[in-house]
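Inside the fold
This is what each chain is made of:
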Amino acid sequence: MTFDYLCSECGKTFEITPDLMVCPDCSTRQRDDEPLRGILEVRLQGQADENFSVFDLLPVEREFFPPIPVGNTPLWEPSRIREKYGKPRLYIKDDTANPTGSFKDRASYLVAAFARKFGLNEIVLASTGNAGSSMSGVAAAAGLKVRLYLPATAPPAKMVQALQYGADLVKVEGTYDDAYDLSMAWCRDKGGLSRNTAHNPMTIEGKKTVALEMYQQLGRRVPDHVFIPVGDGVIISGVYKGFRDLVTLGLAPKVPVLHGVQAEGSSALTRALENRGFTPAQPSKTLADSISVDVPRGGYYALKQLMEWGGKMITVTDQAIVDAQKELSTLSGLFVEPAAAASYAGFLKEKETLPADESAVLLVTGSGLKDIETARRGVALP
Ligand SMILES: *Cc1c(COP(=O)(O)O)cnc(C)c1O
């Protein structure tokens, strides 16, 4: 298998090196307050049979991955939910089972391997919480340093988690978008490998592994539908990339219908799909902190794939998220954070439109223990 970068806007190709993050041509058109221009996609060329190992389809050799068990998360059958809603082919892909408790480990794992391959020892990023705690944990296993910018409003558990793993933490009096700008300025002036989501192409590529696993766990078939919580739009882009790779390799006949779910108060990508383009940024407001973004960094790239592959975007209210979080816990034993519950809330909103004989996977992305304060709203304390 060989790998290079392909610009998602102009189609130019480049060799994969740590100095290159976005397309040198398209990024010159970057304006503030719009999603990233010139996102580079990893292009794979070669052959694989259906017994592939996920590592075979990644652009960094296996020997560079740190010793921490990321991915291979359970895909299971929530039978009480199946019965309640008459959906016998509903599955949960439980990414709370990752080492740091969130889906973000998939990206951190590949970024850490990439840094080790190229001999880089500091990683810099901004995060709403999970990407930061994830990168800190995976970097600890890899012996890499992390400089992390978090908005002061990040849930305390995520901050404490990153500090436990040994990150240098910069608490930003501002939004995630402010933290993002500060981290980019640091990389520009002082160096370090950016692990900012969408900016580092490995963040997208690492996230594709979840799609490859679904295929393997469903007996080498792709599901019909996948529900995915969406903030910056990088998870959904990674999931597209994984299924597209399977189609490219001739291993799958189709890309599933992806259903991106956003909070009503943070719905930039949903609006963009309705309008076939991005409208001016609006300040986000939702209790689902992990999907609260003003400008979705991976927006253009996600939008392009949604349009090309018939993807859907829907919004759910914060109340629907809190209710879905509680119902998922009581019907399945799975306690997830609000952003992760959004995929279940999206499923509940869409379920009438899903044929009972089609398979659907709910991607749950973060553990409930990461944000106890919000979960308290769904229960009455004695
Ligand atoms: C980051 C995150 C998301 C959203 O992913 P994007 O790539 O920002 O769209 C959803 N759920 C959880 C728990 C997350 O940490």
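Above this text sits the structure in question.
In short, a report on the structure. (Residues numbered from 1 in each chain as written. Predicted model: local features only at pLDDT ≥ 70, side-chain atom pairs only at ≥ 80, totals over all residues. Heavy atoms only, no water.)

1. Details of the environment of proline 338
In this fold, proline 338 is placed in helix α12 (residues 338-350). For the pair proline 338 and serine 367, spaced 29 residues apart in sequence, the C-alpha separation works out to 9.0 Å. Beyond its immediate sequence surroundings of up to four residues, proline 338 is in contact with Leu287, Ala288, Ile321, Gln325, Asp371 and Thr374. (Helix = DSSP H or I, 4+ residues; strand = E, 2+ residues; numbered from the N terminus. Contact = heavy atoms within 4.5 Å.)

2. Some details on the environment of alanine 345
Within the secondary structure, alanine 345 sits in helix α12. Given a relative accessible area of 5%, alanine 345 falls into the buried group. Once the C-alpha coordinates of alanine 345 and isoleucine 321 are considered, the two residues, 24 residues apart in sequence, prove to be 5.7 Å apart. When residues no more than four places from it in sequence are discounted, the contact partners of alanine 345 are Val316, Ala320, Ile321 and Ala324. (Buried < 20%, exposed > 50% of the residue type's maximum accessible area, 1.4 Å probe, protein only.)

3. A closer look at the sheet that holds strand β10 (residues 225-229)
Pairing within the open sheet is mixed, and its six strands lie in the order β4-β5-β13-β10-β11-β12. The sheet is open, and its two edges are formed by β4 (75-76) and β12 (312-316), each paired on a single side. With five bridges connecting them, strand β5 (residues 90-94) and strand β13 (residues 360-364) associate as parallel partners. Considered in β13, the bridge of isoleucine 92 is made with leucine 362. Packed onto the sheet, α12 meets β5, β10, β11 (257-263), β12 and β13 and runs at close to 135 degrees relative to β10. (Pairing = 2+ DSSP bridges. Axes fitted to C-alpha atoms, helices over the stretch in contact; angles between N-to-C directions.)

4. Describing the site of the ligand
Neighbouring the ligand are 16 residues, the closest being Lys104, Asn130, Gly231, Asp232 and Thr365. In the model, an oxygen atom of the ligand is placed 3.0 Å from a nitrogen or oxygen of the valine 234 main chain. Interatomic distance of 2.8 Å between a side-chain N/O atom of threonine 365 and a nitrogen atom of the ligand. For the ligand, whose accessible area on its own is 380 Å², the fraction buried by protein is 98%. Of the residues belonging to the shell around the ligand, the class tally is six nonpolar, six polar and four charged. (Near = heavy atom within 4 Å. Polar contact = N/O pair within 3.5 Å; in protein donor to acceptor, adjacent residues only side chain to side chain. Areas by Shrake-Rupley, 256 points an atom, 1.4 Å probe, with all protein chains shown as cover. Nonpolar A, V, L, I, M, F, W, Y, C, P; charged D, E, K, R; others polar.)

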